[in-house]
Amino acid sequence: MELIEWVGLILGITGFILITSLAWMIKKYHRIKPSIKIMSLFAIFIAPLLSLVVANYHVFETSKEVKSCMGCHVMLPMGIDMLDSNSTSLAARHYRNNWINKQECYSCHKDYGLNGTFKAKADGYRHLLTYVTHTYKEPIKYRGEFNINNCLQCHEGTSVFMKVEEHEPVIENIKKGAQNVSCLNCHGLAHPSSLRRTPGHPDYKMLTSPFSMTIKTKPENEIRDLKFFLTHLILNEKPKN
Amino acid sequence: MRKSAKDLPIRDKMKNSDQFSRRDFVKLGVAGATVGAFTLGGWAFTEFIVDEGTTDTWHKSVCRFCGTGCGVMLGMQGKKLTRIRGDENAHNKGVICIKGALLAELMKIPNRLLIPKIRKNGKLVSSTWEEAMQLVAEKFKSSIDNFGPDSVAYYGSGQLFTEESYTANKLFKAGIETNNVDSNARLCMASAATGYVQTFGKDEPMGSYEDIDHADCFFIIGSNTYECHPPIWERIRIRKSVNPNVKIIVVDPRNTKTAQQADLHLAVVPGTDLLLLNAMLYLLVKCQNIDRKFIDEHVQFMYEEKKVGFEDWVAFLDDYKPELVAEELGLSVKEIQTAAHWFGTSKASMSLWTMGINQRIQGVFLNNTLNSLHLVTGNICRPGATPLSLTGQCNACGGIRDTGSLSHLLPGGRFVQNEKDRNDMEKLWEVPEGTFSERPGYHAMELFQAMVDEKVKTALIMCSNPAQSLPNLNHYIPGLEKCFLVVADIFENTETANYADVLLPTALYIEKTGVLGQTERRYQLVEKLIEPPGSAKSDLEILVDLAERLGHGKLIKSKTTADVWDEWRKISAESKYDFSGITYERLKNECGIQWPCPDVSHPGTKRRYAKGDPFVEEGKEIQFYGKENNRAIVFLRPYIKDEEQLTDEHPFYLTTGRVIEQWHTGTMTDKISELKNASKRGKFILNPIDAHRLGITENDLVVVTSKKGKIEGPVSISDNETPGVIFASFFDSSFLINKIVNDQYDPVSKEPNYKVTAVSISKVKNTDI
């Protein structure tokens, strides 16, 4: 477990102990002693506030992780495809080549700056609510347009990027304000196509089953961790290691 | 003293009671509702702030440009095309190239031709459709009446919709009764078409793009796939990245962007590659990498018109022993051996080629021999194993080859010289027996020569720019001036429009509906999404109007694209090009369908001549049904030295081609600023060794001279060009490179030899300027 999770757990347990103690003391003494006031301050305000801050921070940070995105069943095809060493999608190629060391989904899907973070979190909240209320339809579709500046924030200016002459018209198009060229136009799909993610398609079962994956390159414990998580999520049981 | 709880009044007891009261319930309910309201309110807020982008609706379509025929999704905002994305469900899996990515800019190009124009006193003046078409009809009638039907002609394009080419073909061949119907597809695909027909009995490749995902060896010859068919190159690259053992062989005199990523680049001397192919065949036999069983079952050997045996073929190949041909090829023996070994030992080998092979004096021979490589090794009709000629234009296959819109053809693979074929088409088109002339009409080069000779008096040119794309341009320009030229195009300022006597404004791309047929026999639909500007019309409307005015309104009974398509697909059922199951309805819902497709429930045919092809008989795995005896032909094709040989006077080879940013003669792409700026202007590209020897530096002005003429232009120096070879692209109207390109053509396909011109190059001295 990570440190933040330990902190949260301790705060939570402490808060629980304090509140139950407080409740017992009030019931016993029928009055608020000074020591109880101090305990109350801690139990009712400080501990919960700290817990809220810690929990908020924890959620903010863990929601950036791939595991968080994959927590929704409907996102499995993206995750499984990304981990598939035979896949040619952009997500899989980035993952396989270790071009993004962690938070693979968040790194591409968060726009620039505070606004980008806010938008990502707002989208995440919207996705969560849509998912738990089951008001989504498969295959899920990206709403609006993927912001290609998210690609450029890593790629633009690199020697590899600048060497490709075919990027010149793309940059001009962006500078012109037209912005109607997407990096995906030439570089292909980021994730499995919507057709393959449609229930009933021959590939759908494979894309929603973690056992179809063959993973290379990544550290063993990370692969195991992710695969474990996905398997646990689908089968609701621990796979044999 | 403080009272105990039991002494408190009832009201106070109730206050202090442990029971859950109504008040508590209400408080809890309100708290819950508040939390819920915040949750849902937050959700509503996030829905409200979602940026839905600029697109109102998305529409499935096809790219306008090359023969890859990429599926695209067009994002419309009202009546404006604002976004292009590759169609993720189409064969190209969402990948398109930079030209396709800028289709939205294409539709915004200003200064479109909006109204018809007529040349009066040397100047094009505005007119009306009635006046213009009346004049056109009169000129056609006058020529036909005074000089016969062969005094008129139609020159079409592999970029018109199938319905348009089909209608033009029918009007001219069955209505006007002239076979003077040809197109710019003659300049790009004729050798490939002829090669397939000679070898297999039927035109069009047998494989699919999907074969790329299964091939273990790619033999890419005469194709700069990276720049000219980028999504196909991307698919090859991805195949290799997933499977590093895949081998890529590129045969090209230039070290193109494609060649730079090859495992083996064979920089052959221009014009000599038939030596390479025959040498590979020699080695395949010697190293026992041929499939004798396959040969015995499915192949026959011929030398010209004569049937020969396997041993004759083997003996023929003795002249192509690598040691005998390496020097002329400019290769080492080892390189030839490596290519043959990789090709012959791979589990599945796939050849891809395009203009480097087709636009050659021996284009047909080269095509035959490429097909032979696959036939003798059994690398055909199974996943990953196929010869696949890459089509140049978006509709050269469907619109020209399949509809028979060339001077020697009739629809569905029929020939004007074949009496039975003529009779069949006369019945299908419900015209009297004897309507069709048995003599092939003028092919493209003959047609423009006939204009020079004033044998063709009146001609209709649609969606093409021959005044920039023809080889040996200066020779044919006078013909364009002499002939009464009716030009249908989207702009007034193309090179060909400069010679138009009547200029008709046409619809572009999604301003009309029609079908495009690309490289892998896939037909796809482009639906009309916006109105053409001004009074521009579709080419079909123009042809229907002309037919009426020439008295052929009854013959051209299908007046809309839907009706034409239905007519044509029903006719196709009477041939092995059967696509009668491909209705508009299906095309609207599916990402194109590969023919043969004989009924509406048929899924289309991925691999021709193999099991699954509806024309392959039950129980057979492979059947080359285009030939009566079901055997494909391996031709013994001798290498003949190109007439364009290097001399002291002309010690360089000039080869022309495309660049990724520009399409053909640049009439569209050169007006899109992103593409124009990226491609820069037309120029010569020279190797540093040659440049140094000649005292030429970057951006110098040079003059390049051939037997046909000379042209000045700037030069760029690049290591990617081979010593002795100069490259130039033909997109720039201010750099008409085709003026000096030789206009010899393949004697069978009649396709010009763009790729090999002997030239000299020298720096323009200051006093020359």
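The rules we used
Residues numbered from 1 in each chain as written. Chains lettered and ligands numbered in written order. Predicted model: local features only at pLDDT ≥ 70, side-chain atom pairs only at ≥ 80, totals over all residues. Heavy atoms only, no water. Helix = DSSP H or I, 4+ residues; strand = E, 2+ residues; numbered from the N terminus. Buried < 20%, exposed > 50% of the residue type's maximum accessible area, 1.4 Å probe, protein only. Contact = heavy atoms within 4.5 Å. Areas by Shrake-Rupley, 256 points an atom, 1.4 Å probe, with all protein chains shown as cover. Lys, Arg positive; Asp, Glu negative; His and termini not counted. Charge placed at Lys NZ, Arg CZ, Asp CG, Glu CD. Pairing = 2+ DSSP bridges. Axes fitted to C-alpha atoms, helices over the stretch in contact; angles between N-to-C directions. Phe/Tyr/Trp six-rings, centres within 6.5 Å; stacked < 30°, edge-to-face > 60°. Lys NZ or Arg CZ within 6 Å of the ring centre and 35° of its normal. 1 Å grid on protein atoms, 1.4 Å probe; cavity = no way out; pocket = protein on both sides within 12 Å on 5 of 7 lines; lining within 4 Å. Points joined across faces, edges and corners; volume = space filled by probe spheres on them. Salt bridge = Lys/Arg side-chain N within 4 Å of Asp/Glu carboxyl O. Domains from an automatic or database assignment. pLDDT = per-residue confidence, 0-100. Buried area = accessible area lost by both parts, 1.4 Å probe. Polar contact = N/O pair within 3.5 Å; in protein donor to acceptor, adjacent residues only side chain to side chain. Nonpolar A, V, L, I, M, F, W, Y, C, P; charged D, E, K, R; others polar.

S.K.: What am I meant to see in the overall build of chain B here?
M.R.: Per the secondary structure count, chain B includes 26 helices and 29 strands. If one aligns the C-alpha atoms of chain B with their principal axes, the spans along those axes are about 130 × 70 × 70 Å. Per-residue burial over chain B gives 64% buried out of 769 residues. Expressed as a percentage of contacts within chain B between residues at least 6 apart in sequence, the contacts between residues at least 24 apart total 71%. For chain B, the accessible surface area stands at approximately 29100 Å², while carbon and sulfur atoms represent 51% of it. Distance between charge centroids for chain B: 6 Å, based on 93 positive and 100 negative side chains.

S.K.: Before we go on, may I ask you to explain the overall build of chain A in this structure?
M.R.: A tally of regular secondary structure across chain A gives 13 helices and zero strands. Taken from the N to the C terminus, the helices and strands of chain A come in the order α-α-α-α-α-α-α-α-α-α-α-α-α. A buried classification covers 36% of the 241 residues belonging to chain A. Across chain A, contacts joining residues at least 24 apart in sequence account for 60% of those joining residues at least 6 apart. Taken as a whole, chain A presents about 14500 Å² of accessible surface, with 64% of it coming from carbon and sulfur.

S.K.: How do you make sense of the sheet that holds strand 26 (residues 701-706) of chain B when you look at a structure like this?
M.R.: Each strand in a sheet pairs with its neighbour through backbone hydrogen bonds, running either in the same direction (parallel) or in the opposite one (antiparallel). All names here are of chain B. Taken together, the six strands give a closed barrel; going around it, the order is 24-28-25-27-26-29, and neighbouring strands pair in mixed fashion. For this sheet, the mean inter-axis angle between neighbouring strands, taken without regard to orientation, is 45°. Where strand 25 (residues 684-686) meets strand 28 (residues 725-729), two bridges bridge the pair, whose relative direction is antiparallel. Following the sheet pairing, F684 is matched in strand 28 by A728.

S.K.: Got a minute to help me understand the packing of aromatic side chains in this structure?
M.R.: Aromatic ring pairs are defined here through the distance separating the ring centres and the angle between the ring planes. All names here are of chain B. Evaluated as defined, the whole model comprises 29 aromatic pairs over all chains. Ring centres of F301 and F310 lie 5.9 Å apart, and the angle between their planes is 70°; this geometry places the pair in the edge-to-face category. Summarising the burial analysis for this pair, F301 and F310 share the class buried. Clustering of aromatic rings is evident, with ring pairs tying together Y166, W429, F436, Y523, W565, W568, F579 and Y584. Here K247 stacks its cationic end above the ring of W342, 4.9 Å away from the centre of that ring.

S.K.: Hey, could you run me through empty space enclosed by the protein in this one?
M.R.: One water molecule sets the probe size; rolling that probe over the atoms shows where empty space is left. Evaluated as defined, the whole model comprises six cavities of 30 Å³ or more. In this structure, the second largest cavity occupies an estimated 80 Å³ of space.

S.K.: Could you clarify how one ought to interpret the pattern of salt bridges in this entry?
M.R.: Across all of its chains, the model carries 55 salt bridges over all chains by this definition. Between E674(B) and K176(A) there is a salt bridge, and its shortest N-O distance comes to 3.0 Å. Of the two residues, E674(B) sits in helix 25 (residues 673-679) while K176(A) sits in the loop between helix 10 (168-175) and helix 11 (183-187), which places them in two different chains. Measuring nitrogen to oxygen at the nearest pair gives 2.9 Å for the salt bridge that ties R254(B) to E721(B). Remark: E721(B) occurs in the loop between strand 27 (709-717) and strand 28 and R254(B) occurs in the loop between strand 9 (247-251) and strand 10 (264-266); sequence separation between them is 467 residues.

S.K.: Could you clarify how one ought to interpret the pairing of strand 26 of chain B in this entry?
M.R.: Along any regular strand, the residues point their side chains to alternate faces of the sheet. Residues and elements named next belong to chain B. Pairing of strand 26 with strand 27, which is carried by six bridges, proceeds in the antiparallel orientation. Residue pairing across strands places V703 opposite E712, the latter belonging to strand 27. Between strand 26 and strand 27, which pair antiparallel and follow one another directly, the connecting turn spans two residues. Pairing of strand 26 with strand 29 (residues 757-763), which is carried by four bridges, proceeds in the antiparallel orientation.

S.K.: Would you mind showing me how to read the domain arrangement of chain A here?
M.R.: Interface size is often expressed as the accessible area that is lost when the parts come together. Domain annotation for chain A reports domain 1 (3-62), domain 2 (67-143 + 187-235) and domain 3 (147-181). A separation of 51 Å is found between the C-alpha centroids of domain 1 of chain A and domain 3 of chain A.

S.K.: Help me understand the environment of I461(B), please; the structure alone is not making it clear to me.
M.R.: Residues and elements named next belong to chain B. Within the element layout of this structure, I461 appears in strand 17 (residues 458-462). For the pair I461 and V487, spaced 26 residues apart in sequence, the C-alpha separation works out to 4.9 Å. With near-sequence residues (within four places) excluded, I461 lies in contact with Y155, F448, P466, L485, V486, V487, A488 and T496.

S.K.: How should I be thinking about the confidence of the model for chain A in this particular structure?
M.R.: Close reading of the predicted structure is inappropriate where its pLDDT is low. All names here are of chain A. On average, residues of chain A score 79 in pLDDT, and 85% of them reach the 70 mark or higher. The spread of mean pLDDT over the elements of chain A runs between helix 13 (residues 220-235), the lowest at 52, and helix 11, the highest at 92. Confidence drops under a pLDDT of 50 for residues 215-220, and excluding neighbours within four residues, the segment shows 12 contacts in the predicted structure. Counting contacts from residues 234-241, a segment whose pLDDT is below 50, to residues more than four positions away or on other chains yields 12 contacts.

S.K.: Whenever I open this one, the sheet that holds strand 21 (residues 522-526) of chain B confuses me. Can you help?
M.R.: Residues and elements named next belong to chain B. A sheet is described by the order of its strands in space; here three strands give the open sequence 20-21-22, paired in antiparallel fashion. Of all the strands in the sheet, just strand 20 (514-517) and strand 22 (593-594) have a single pairing partner and so form its edges. Of the strand pairs in this sheet, strand 21 and strand 22 are connected by two bridges, and their pairing is antiparallel. Each residue of the ladder has a partner; that of R522, found in strand 22, is Q594.

S.K.: Sorry if this is basic, but what is going on with the pairing of strand 11 (residues 299-303) of chain B here?
M.R.: All names here are of chain B. With respect to burial, strand 11 is a largely interior element, four of its five residues being buried. Pairing of strand 11 with strand 23 (residues 632-635), which is carried by four bridges, proceeds in the parallel orientation. Paired with Q300 across the bridge in strand 23 is I633. When strand 11 meets strand 12 (residues 306-308), the two strands line up antiparallel, connected through three bridges. Residue pairing for strand 12: M302 is matched across the bridge by K307. The antiparallel hairpin formed by strand 11 and strand 12 contains two residues in its connecting segment, where E304 sits at a positive phi of about 55°.

S.K.: What is the right way to look at the environment of K620(B) in this model?
M.R.: All names here are of chain B. With respect to the helices and strands, the residue K620 is situated in the loop between strand 22 and strand 23. For K620, a relative accessible area of 30% translates into the label partly exposed. In this structure, the C-alpha to C-alpha distance between K620 and G69, residues 551 residues apart in sequence, is 31 Å. What K620 contacts, discounting residues up to four positions off in sequence, is K611 and N630.

S.K.: What am I meant to see in the interface of chain B and chain A here?
M.R.: Taken together, the contact between chain B and chain A spans 46 residues of the former and 40 residues of the latter. A buried area of about 3400 Å², summed over both sides, lies between chain B and chain A, and 50% of it is on carbon and sulfur atoms. Considering only the side of chain B, the residues that lose the most area to chain A are W43(B), E88(B) and E674(B), jointly responsible for 17% of the buried surface there. The tally of links from chain B across to chain A stands at nine salt bridges. The salt bridge involving E168(A) is made with K680(B); its shortest N-O contact spans 3.4 Å. Our count for the chain B to chain A interface comes out at 19 residue pairs in polar contact (both at pLDDT 80 or more). Those elements that place two or more of their residues in the side of chain B that touches chain A are helix 2 (22-49), strand 3 (80-86), helix 3 (98-101), helix 4 (103-106), helix 9 (230-242) and helix 25 of chain B. Considering each element in turn, the side of chain B that touches chain A owes the most residues, eight residues, to helix 2 of chain B. Each residue belonging to the side of chain B that touches chain A can be placed in one class, and the counts come to 18 nonpolar, 12 polar and 16 charged.

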